[in-house]
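# Residue-level structure breakdown
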Amino acid sequence: MATQIAAAPAGDEFKGNDKLLFGMIMGVIAFWLFAQTTLNIAPDMERSLGVNTTTMNIAVSITALFSGMFIVIMGGLADRMGRMKILNLGFILSIVGALLIALAPSGALAVPFLMAGRIIQGVSAACIMPASLALVKTYWDGAERQRAISMWSIGSWGGSGLCSLFGGLVSQNLGWRYIFFACAAVSLVGLLMCRGTPESKVETTTKSKFDWPGVITFMVTMVALQVVVTQGSKFGWASMTTIALVIATFVFGSLFLWFEGNNNSAFVDFKLFKNSTFTGATISNLLLNGVAGMLIISLQLVQLGGNMTAQAAGFLTIGYAIAIIAFIRVGEKLLRRFGARKPMIWGCLITGLSIMLLLPTNLMLDQYKIIAVISYILFGVGLAFYATPSTDAALSNLPPEQAGAGAGIYKMASSLGAAFGVAISAAIFTALRGDNSSISWLSNIVPFVGRQDNVAIREAATIALMFNLLMVLAAIVSIALTVPKGKKEA
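This section reports on the structure supplied with the text. (Residues numbered from 1 in each chain as written. Predicted model: local features only at pLDDT ≥ 70, side-chain atom pairs only at ≥ 80, totals over all residues. Heavy atoms only, no water.)

Quick look at the overall build of the chain now. Scanning the chain from terminus to terminus reveals 19 helices and 2 strands. Taking 2.2 N^0.38 as the reference for a compact globule, 490 residues should give roughly 23 Å; the C-alpha atoms of the chain span a radius of gyration of 22 Å, in line with that estimate. Counting only C-alpha atoms, the chain reaches 70 × 55 × 45 Å along its principal axes. Counting all 490 residues of the chain, 59% fall into the buried class. Taking contacts inside the chain between residues at least 6 apart in sequence as the whole, the part at least 24 apart equals 86%. Split by element, the accessible area of the chain, about 18,700 Å² in all, is 68% carbon and sulfur. Each charge class in the chain was averaged separately, 32 positive and 21 negative side chains, and the resulting centres sit 2 Å apart. (Helix = DSSP H or I, 4+ residues; strand = E, 2+ residues; numbered from the N terminus. Rg over C-alpha atoms; globule rule 2.2 N^0.38 Å. Buried < 20%, exposed > 50% of the residue type's maximum accessible area, 1.4 Å probe, protein only. Contact = heavy atoms within 4.5 Å. Areas by Shrake-Rupley, 256 points an atom, 1.4 Å probe, with all protein chains shown as cover. Lys, Arg positive; Asp, Glu negative; His and termini not counted. Charge placed at Lys NZ, Arg CZ, Asp CG, Glu CD.)

If you want it as structure tokens, here you go:
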């Protein structure tokens, strides 16, 4: 690997300010608030563009998938080429991707426009998230850095909290296309606010080769796995196509691990995982972001099973948005007092409780809406407790010369977790609501009151939500095993 020196001299003189911070947050919001509205407005987009449910499910998850595939690459490029260059590239791609979706025509061109826009949005997020986190680490220190991380997290987690409500309101009153026009406008504002910031990058004494074998094998592995998850039930789980994709996933995944283990210029630096705190923060981050699948399942449940509009369903999540924004700095205070481990575990436990509240899909709609409101509030509190301690635990354990690449790995976990969490949850829900014969026993154990024509939808939602609960339990185990107990601060 190339010998590396600390960041360029400009970083030694420049101190982070709110103009830069909020400009970067605009870029984060472009992904988590605007791009993620598809979790709620997917049915509206599906009807408007004339695409089928399977295609729309792919469009929902493909943005996070491409973000996850490219985020480490872009984080590494940010370290070498300049974090501001990659950040600005992310803003430009965000504008292009959003406009492609906003201008997507119905009919034959709908799918190309939609998929291209969603992929570009994913690459945009891959540029913005690691570059902005590396800039936070470079230009802020101590308590100011923890505040900056909290504010950045409000843009990320808070944006994801508001996306369902925001998407429902705009889609119902203006049309879903205006969400993506607004996304382009916000990205432009963020780009302008970040202008004038000095460049920050790592100086290297030698040049290293780009890790093409690692990148290609990683991308093939992720795409093959994504196709298996989203299309497996359509192809048939025992079909030759599915079997071939599973084999490709294992073969290229193994090749990826072999290439990265024998490459001094690997784009995923596995040596970072020797630090147990970074490892625990990253693994639990992947799993807890996967719980985003809970949102698409519960929101589609009340729309498809309860005939609620996207706007009405979005209003149920308002407590989620308020809670995560109100409590995210509480997570910062818990971090200072208890260290990272305890608030991370507490956040996971509260998130798990929120999912458990959504499991009784056998209730009447009016009853279910009440517990859904409570569930979303707890979901926001849980993620707020977890967000800052986890991010700070990962960043504070990174050497300066690997800030971009390490932040990229951490955020790759966010994006891949969200991509596969949403994809798997949606695949389970879609497959089982179409054919619930394998879970018909559920109605024999728990009586489903009220309408009986939607029992298959309600049963499918219960099983898909259980999958999300398992991810939370796995996150708790990963934290308990890897993150050391922090010292209590005065």
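Here the narrative resumes, following the displayed structure.
This paragraph deals with the packing of helix α4 (residues 53-81) against helix α6 (residues 110-139). Across the interface, α4 lies against α6 with an axial gap of 6 Å and an inter-helix angle of 35 degrees. For the element pair α4 and α6, the recorded crossing hand is right-handed. Classifying every residue of the contact of α4 with α6 by side-chain character gives 21 nonpolar, 6 polar and 1 charged. (Axes fitted to C-alpha atoms, helices over the stretch in contact; angles between N-to-C directions. Left-handed = near helix turned anticlockwise from the far one by under 90°. Nonpolar A, V, L, I, M, F, W, Y, C, P; charged D, E, K, R; others polar.)

Looking now at the pattern of salt bridges. For the structure shown, the criterion picks out 10 salt bridges. For Glu-199, the salt bridge is made with Lys-85, and the minimal N-O distance between the two is 3.8 Å. Taken as a pair, Glu-199 in the loop between α8 (177-193) and β2 (202-204) and Lys-85 in helix α5 (residues 83-102) lie far apart in primary sequence, 114 residues in all. By relative accessible area, Glu-199 is classed as partly exposed at 23%. The residue Arg-145 makes a salt bridge to Asp-141 at a minimum N-O spacing of 3.4 Å. Connected through salt bridges with shared partners, the residues Lys-15, Asp-141 and Arg-145 form a single ionic network. (Salt bridge = Lys/Arg side-chain N within 4 Å of Asp/Glu carboxyl O.)

Let us look at α5. The end-to-end C-alpha distance of α5, which contains 20 residues, comes to 29 Å, matching closely the 28 Å that a straight helix rising 1.5 Å per residue would cover. Among all positions of α5, only Arg-83, Met-84, Ile-86, Leu-87, Gly-90, Phe-91, Ser-94, Ile-95, Gly-97, Ala-98, Ile-101 and Ala-102 are buried. (Expected span 1.5 Å × (residues − 1).)

Okay, the environment of Gly-352 next. Locating Gly-352 in the fold gives a position in helix α15 (residues 341-358). By relative accessible area, Gly-352 is classed as buried at 6%. Put simply, Gly-352 and Leu-378 are 26 residues apart on the chain and 9.1 Å apart in space, counted from C-alpha to C-alpha. Contact partners of Gly-352, with chain neighbours within four places excluded, come to Leu-469 and Val-472.

This part covers a nonpolar patch on the surface. Judged by side-chain polarity, Leu-99, Leu-103, Leu-174, Tyr-178 and Phe-181 come together as a nonpolar surface patch covering roughly 490 Å² of accessible area. By the element assignment, Phe-181 lies in helix α8. (Patch = residues over 30% accessible without salt bridge, like charges linked within 9 Å, V, L, I, M, F, W, Y side chains within 5 Å.)

Attention shifts here to the nonpolar core. Ranked by internal contacts, the top residues of the largest apolar core, which has 148 residues, are Met-24, Leu-87, Phe-180 and Met-294. Of the residues forming this core, the biggest block, 16 residues, is contributed by α4. When near neighbours in sequence (up to four residues on either side) are disregarded, Met-24 contacts Leu-87, Ile-128, Ser-132, Leu-135, Val-136, Trp-140 and Cys-194. Membership of the second largest hydrophobic core comes to 6 residues, among which are Leu-334, Phe-338, Val-381 and Phe-385. (Core = buried A, V, L, I, M, F, W, Y, C linked by side-chain atoms within 4.5 Å.)

A positive phi is found at Asn-307, a non-glycine position, where the angle reads about 60 degrees. With respect to the element layout, Asn-307 can be found in the loop between α12 (293-305) and α13 (310-316). For Asn-307, a relative accessible area of 57% translates into the label exposed.

Let us look at the packing of aromatic side chains. For the structure shown, the criterion picks out 11 aromatic pairs. Aromatic pair Phe-31 and Trp-32: ring centres 4.8 Å apart, planes at 80 degrees, arrangement edge-to-face. Comparing Phe-31 with Trp-32 shows no difference in burial state: the two are buried. Centre to centre, the rings of Trp-258 and Phe-259 are 5.4 Å apart; their planes meet at 65 degrees, and the pair counts as edge-to-face. Assessed through its relative accessible area of 53%, Trp-258 is described here as exposed. (Phe/Tyr/Trp six-rings, centres within 6.5 Å; stacked < 30°, edge-to-face > 60°.)

Along the chain, Val-449 turns up in the loop between α18 (442-445) and α19 (455-482). Judged by its relative accessible area of 37%, Val-449 falls in the partly exposed class. Residues Val-449 and Val-291, 158 residues apart in the sequence, show an inter-C-alpha distance of 27 Å. Leave out the neighbours within four places in its chain, and Val-449 touches Asn-362, Leu-363, Met-364 and Arg-458.

So, on to the side chain of Ser-200. Along the chain, Ser-200 falls in the loop between α8 and β2. Note on Ser-200: relative accessible area 1%, which makes it buried.

It is worth spelling out the packing of α15 against helix α16 (residues 365-395) at this point. In the contact formed by α15 and α16, the axes pass within 7 Å of each other and the chain directions differ by 165 degrees. Regarding the angle of α15 to α16, the classification is roughly antiparallel. The two elements α15 and α16 cross, and the hand of that crossing is left-handed. (Parallel < 35°, antiparallel > 145°, perpendicular 65-115°, else oblique.)

A full pass over the atoms with the stated rule returns 0 disulfides. The thiol of Cys-127 is unpaired, and the distance to the nearest cysteine sulfur, on Cys-194, comes to 13 Å. Overall, the relative accessible area of 0% leaves Cys-127 in the buried class. There is no disulfide at Cys-348, and the cysteine sulfur nearest it, in Cys-163, is 20 Å away. (Disulfide = S-S within 2.5 Å.)

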